[in-house]
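Understanding the architecture of this molecule
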Amino acid sequence: MSNHYINNKDLFEHLKIRSAENAKRIAEGMEKLPVDRYLGEVIMAISSRLSYMPRFINYSYKSEMISDAIETCLKGIDNFDCAKYSNPFGYLTQVAFNAFVKRIKLEKKQQNIKCALICEMPLDELFSTQEHDEDGVQYSHHIMSYLTENNFAHTPSVAIKDVKLPTNVATEFNPLFD
C-alpha cells in the first residue's frame, strides 16, 4: 500500500484470509482476531482521504468525522462478506462516508439547539455590560442582528423541549426544559 493508493485485490485477499481464520476461531470458541496493522492503515487512509472530498473539507469538526469513520469501519470490518462481494475498498469507503454524514447531522442538530438557546435568552442575560459601557445595548442589538442576518437565529428544526437529554444532565436549573 502506498500513501495514495490502496490495492483492492490485496485488501480483498487479506480479508478473505482474515474471514477464514475468524470462522475457524469462532468454531473453536475463541475470540475473533484483532485488526492488524495493514487493515488499520487501510482504514485510516480511507477515512483521511475521504475527508478531503469537497463536500467534507471545510467542517470545523473534521477530526471528529475521521474518528467516527475509523471507529465505524473497525466495528464493521468483519461484516464484509467475501463470498458475496469483491470490493472491500468500496465497502469501507461507504461505511466511512455514512459515518461522516451521521456526524454532520449530529453537529447540525447541536448547532440548532445552541442557536435556539441563544435566541430565546434575554439580551441582558446574554451580554453583560458594565455601567460605564454606553453602547452596551447597541452592541447586543448588533450581535443579534448579525445572528439573524447570517441565519443563526432561525427557528430550529428541533424544538428545545423535544430534545432528549441523558438522564445524568441536571435540568432542574434550566427553565427551558421544564
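Treat the numbers as computed from the prediction; the structure is a model and nothing was measured. (Residues numbered from 1 in each chain as written. Predicted model: local features only at pLDDT ≥ 70, side-chain atom pairs only at ≥ 80, totals over all residues. Heavy atoms only, no water.)

**Quick word on the packing of helix α2 (residues 37–50) against helix α4 (residues 88–120)**
Two quantities define a packed helix pair, namely the angle between the helix axes and the distance between the axes. Between α2 and α4, the shortest axis-to-axis distance is 10 Å and the interhelical angle comes to 50°. By the angle class used here, α2 and α4 are oblique. Between α2 and α4 lies a crossing whose hand is right-handed. Of the residues in α4, those in contact with V42, I43, I46, S47 and L50 of α2 are F89, L92, T93, A96, F97 and F100. (Axes fitted to C-alpha atoms, helices over the stretch in contact; angles between N-to-C directions. Helix = DSSP H or I, 4+ residues; strand = E, 2+ residues; numbered from the N terminus. Parallel < 35°, antiparallel > 145°, perpendicular 65-115°, else oblique. Left-handed = near helix turned anticlockwise from the far one by under 90°. Contact = heavy atoms within 4.5 Å.)

**Focus: the environment of L39**
Looking at where L39 falls in the secondary structure, it is placed in helix α2. The spatial distance from the C-alpha of L39 to the C-alpha of I77 is 8.8 Å, given a sequence separation of 38 residues. Leave out the neighbours within four places in its chain, and L39 touches L11, H14, L15, R18 and I77.

**Here we look at the pattern of salt bridges**
Scanning the model with the defined rule gives six salt bridges in all. The residue R37 makes a salt bridge to E41 at a minimum N-O spacing of 3.2 Å. In this pair, R37 and E41 are both assigned in helix α2, four residues apart and thus about one turn of the helix distant. We classify R37 as exposed; its relative accessible area is 67%. Take E41: its relative accessible area is 34%, and that puts it in the partly exposed class. Salt bridges here are not isolated pairs; linked through shared partners, they connect D68, R103 and E107. (Salt bridge = Lys/Arg side-chain N within 4 Å of Asp/Glu carboxyl O. Buried < 20%, exposed > 50% of the residue type's maximum accessible area, 1.4 Å probe, protein only.)

**What to know about helix α1 (residues 8–27)**
Three or four residues apart is the spacing at which side chains of an α-helix point the same way, because the helix has 3.6 residues per turn. Taking 1.5 Å per residue as the helical rise, α1 with its 20 residues ought to reach 28 Å, and the 28 Å between its terminal C-alpha atoms agrees with that figure. When we look at burial in α1, the residues that qualify are L11, F12, L15, R18, N22 and R25. Viewed along the axis of α1, the buried residues span an arc of 150°, placing them on a single side of the element. Residues of α1 that are exposed and point over 90 degrees away from its buried face: K9, I17 and A27. Buried residues in α1 make contact with α2 and α4. (Expected span 1.5 Å × (residues − 1). Arc of directions from axis to C-beta.)

**Points about the packing of aromatic side chains**
On inspection of all chains with the given rule, the structure shows five aromatic pairs. Consider the rings of F56 and F97, whose centres lie 5.4 Å apart with planes at 65°: the pair is edge-to-face. Taken together, the positions of F56 in the loop between α2 and α3 (62–76) and F97 in helix α4 put the pair 41 residues apart, joining distant regions of the chain. Taken as a pair, F56 and F97 share a single burial class, namely buried. Residues F80 and Y85 carry aromatic rings whose centres are separated by 6.5 Å and whose planes lie at 40° to one another, so their mutual orientation is tilted. Overall, F80 belongs to the buried group, its relative accessible area being 7%. Ring pairing ties together the aromatic residues F56, F97 and F100, which thus form one cluster. (Phe/Tyr/Trp six-rings, centres within 6.5 Å; stacked < 30°, edge-to-face > 60°.)

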